[in-house]
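Chain residues, written in single-letter form:
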Amino acid sequence: MKKTLLLFGIGLLSYGYLHAQDDEGFEEDKAIEKLRSKYADEKYESCADAAIKYTDSKKHQDKPEVYIYASMACLRISQTNEGREEYKKAFSDALSYAGKYRRKDPDGEFYNEYITHFEEMKKIIAEEVENYMLEDRKTKVYKSAKKSLSLINKIHKMDPNDKGVHLTNAVLELKVKNTMEGKKMMKILIPEIKYLVATSEDEKTRPVLTERELEKKNKKIDQVLGDPLKEIKPFDEMTEMEQVFLKLGLIEYAEYLFDKKKYDEAKEVIEIGKPFFYEKNELYEREYRRDYKDTYNMING
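Below: a short report on this structure. (Residues numbered from 1 in each chain as written. Predicted model: local features only at pLDDT ≥ 70, side-chain atom pairs only at ≥ 80, totals over all residues. Heavy atoms only, no water.)

## Structural notes on the overall build of the chain
Okay, step 1: The number of helices and strands found in the chain is 13 helices and 0 strands.
Okay, step 2: In the chain, the order of α-helices and β-strands from amino to carboxyl end is α-α-α-α-α-α-α-α-α-α-α-α-α.
Okay, step 3: Classification of the 301 residues of the chain by burial places 42% in the buried group.
Okay, step 4: The long-range share in the chain, meaning contacts at least 24 apart out of those at least 6 apart in sequence, stands at 65%.
Okay, step 5: Carbon and sulfur atoms form 50% of the exposed surface of the chain, whose accessible area is close to 17800 Å². (Helix = DSSP H or I, 4+ residues; strand = E, 2+ residues; numbered from the N terminus. Buried < 20%, exposed > 50% of the residue type's maximum accessible area, 1.4 Å probe, protein only. Contact = heavy atoms within 4.5 Å. Areas by Shrake-Rupley, 256 points an atom, 1.4 Å probe, with all protein chains shown as cover.)

Here it is, written out as structure tokens:
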């Protein structure tokens, strides 16, 4: 009888524990659902308020989606008149929370689920950076590069796997006279980007490294870039903005080398993107522009 009561008691405790766990999971799901509902109803300030409150809550602060919704809501506030007084730096906040999100999701498990938001953020920054890079007055080139570098670093935080962003980042380091850092980054990035192929069916043979060589290589990459460097995706698997930043980085680096009278290196770099950007290409997600072709012809003319 005592044994039966004991087992019954353990059963009740187990049920209570599991039920509490279910409730906790339900509450967490309910929190995300609340943010999703507010965002869908275009209550962006309310969504931002709730999401930011969750980021300070012990119960929810480790949930990546909380930071994503904070970023999404702040981006919308920056584009509307809602919440302007309370969120005077809404776009900057949107970038900040996107970076904080990635710290909670280092493997990017939620990234593709919210890819539309991250691509939109990248597009806005790409337009800003392209405008800054058009600055041809020597007195303003350094300042423009500095502003661009700050923006690119924020993109890097939310998507550390974007090779084009890495490349653009390295070019900007060179332009702000941080030459040693820029060269270190290029020494790692360019050999990797040379393995870019159109589709996964195309193949470029990589050198086979020993375990020790690979460990040494990865250690150096981590020291220079601050993150492990995954193999570059085939071109058709890149998102639109990954392709855009790659093109921008190749153009800017090739022109930088050409201006430094390093003509052979400039030709080598601009050649990498020729199969993808020189002529119209159905794999390129964006409308064709002649910018790559003009740079290629200038360097090879």
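## A word on the nonpolar core
Okay, step 1: One finds Y69 and Y253 to be the most contacted residues of the largest nonpolar core, which totals 85 residues.
Okay, step 2: At 11 residues, the largest contribution of residues to this core is made by helix α10 (residues 240-259).
Okay, step 3: Once residues lying within four places of it in the same chain are set aside, the contact partners of Y69 are I32, L35, R36, Y39, C47, A51 and Y114. (Core = buried A, V, L, I, M, F, W, Y, C linked by side-chain atoms within 4.5 Å.)

## Notes on the pattern of salt bridges
Okay, step 1: Evaluated as defined, the whole model comprises 16 salt bridges.
Okay, step 2: The residue E252 makes a salt bridge to K175 at a minimum N-O spacing of 2.7 Å. Placement of the pair is E252 in helix α10 and K175 in helix α7 (residues 163-175), with a sequence separation of 77 residues.
Okay, step 3: Overall, the relative accessible area of 21% leaves K175 in the partly exposed class.
Okay, step 4: Salt-bridge contacts for R290 lead to D294; the nearest nitrogen and oxygen are separated by 2.9 Å.
Okay, step 5: Residue R290 is classed as partly exposed on the basis of its relative accessible area, which comes to 45%. (Salt bridge = Lys/Arg side-chain N within 4 Å of Asp/Glu carboxyl O.)

## Things to note about helix α4 (residues 90-104)
Okay, step 1: Here α4 contains 15 residues, and its C-alpha end-to-end distance of 21 Å stays within 8% of the 21 Å for a straight helix at 1.5 Å per residue.
Okay, step 2: Every buried residue of α4 is listed here: A90, A94, L95, Y97, A98, G99, Y101 and R102. (Expected span 1.5 Å × (residues − 1).)

## Re the packing of α10 against helix α11 (residues 263-272)
A pair of packed helices is characterised by two quantities: the angle between their axes and the separation of those axes.
Okay, step 1: Two numbers describe how α10 lies on α11: the axes approach to 8 Å, and their chain directions differ by 170 degrees. Classed by the angle they form, the pair α10 and α11 counts as roughly antiparallel. Listed contacts from α11 to L250, I251, Y253, A254, L257 and F258 of α10 are Y263, E265, A266, V269, I270 and I272.
Okay, step 2: By residue class, the composition of the contact of α10 with α11 is 11 nonpolar, no polar and 1 charged. (Axes fitted to C-alpha atoms, helices over the stretch in contact; angles between N-to-C directions. Parallel < 35°, antiparallel > 145°, perpendicular 65-115°, else oblique. Nonpolar A, V, L, I, M, F, W, Y, C, P; charged D, E, K, R; others polar.)

## Describing the packing of α10 against helix α13 (residues 291-300)
Okay, step 1: Where α10 contacts α13, the axes come no closer than 10 Å and their chain directions differ by 25 degrees. Taken together, the axes of α10 and α13 lie roughly parallel to each other. The two elements α10 and α13 meet at a crossing, and its hand is left-handed. Where α10 approaches α13, its residues K247, L250, I251, A254, E255 and F258 are matched on the opposing element by D291, Y292, T295, M298 and I299.
Okay, step 2: Considered class by class, the residues forming the contact of α10 with α13 number 7 nonpolar, 1 polar and 3 charged. (Left-handed = near helix turned anticlockwise from the far one by under 90°.)

## A short note on the packing of aromatic side chains
Okay, step 1: Enumeration over the complete set of coordinates arrives at 14 aromatic pairs.
Okay, step 2: The interplanar angle of 15 degrees and the centroid separation of 6.5 Å between the aromatic rings of Y253 and Y256 together place this pair among those described as stacked. You can see Y253 and its partner Y256 sitting in helix α10, 3 residues apart, about one turn around the helix.
Okay, step 3: Since its relative accessible area comes to 17%, Y256 is described here as buried.
Okay, step 4: Ring pairs connect the aromatic residues F235, F276, F277, Y284 and Y292, which therefore count as one cluster. (Phe/Tyr/Trp six-rings, centres within 6.5 Å; stacked < 30°, edge-to-face > 60°.)

## Examining the side chain of K122
Okay, step 1: Within the secondary structure, K122 is located in helix α5 (residues 115-133).
Okay, step 2: Here the side chain of K122 touches D162 through a polar contact of 2.7 Å, side chain to side chain.
Okay, step 3: Excluding residues within four positions of it along the chain, K122 makes contact with Y111, I155, M158, D159, D162, M241, E242 and F245. (Polar contact = N/O pair within 3.5 Å; in protein donor to acceptor, adjacent residues only side chain to side chain.)

## Quick notes on the environment of E42
Okay, step 1: Counting through the fold element by element, E42 comes out in the loop between α1 (2-40) and α2 (44-55).
Okay, step 2: Overall, the relative accessible area of 52% leaves E42 in the exposed class.
Okay, step 3: With 31 residues separating them along the chain, E42 and A73 place their C-alpha atoms 8.7 Å apart.

## Remarks on a negative patch on the surface
Okay, step 1: A grouping of E201, D202, D236 and E237 is seen on the molecular surface, where their side chains present a negatively charged patch.
Okay, step 2: Of note, D202 is situated in the loop between α8 (179-193) and α9 (211-225).
Okay, step 3: By relative accessible area, D202 is classed as partly exposed at 38%. (Patch = residues over 30% accessible without salt bridge, like charges linked within 9 Å, V, L, I, M, F, W, Y side chains within 5 Å. Lys, Arg positive; Asp, Glu negative; His and termini not counted. Charge placed at Lys NZ, Arg CZ, Asp CG, Glu CD.)

By themselves, these observations are geometric and do not establish any function.
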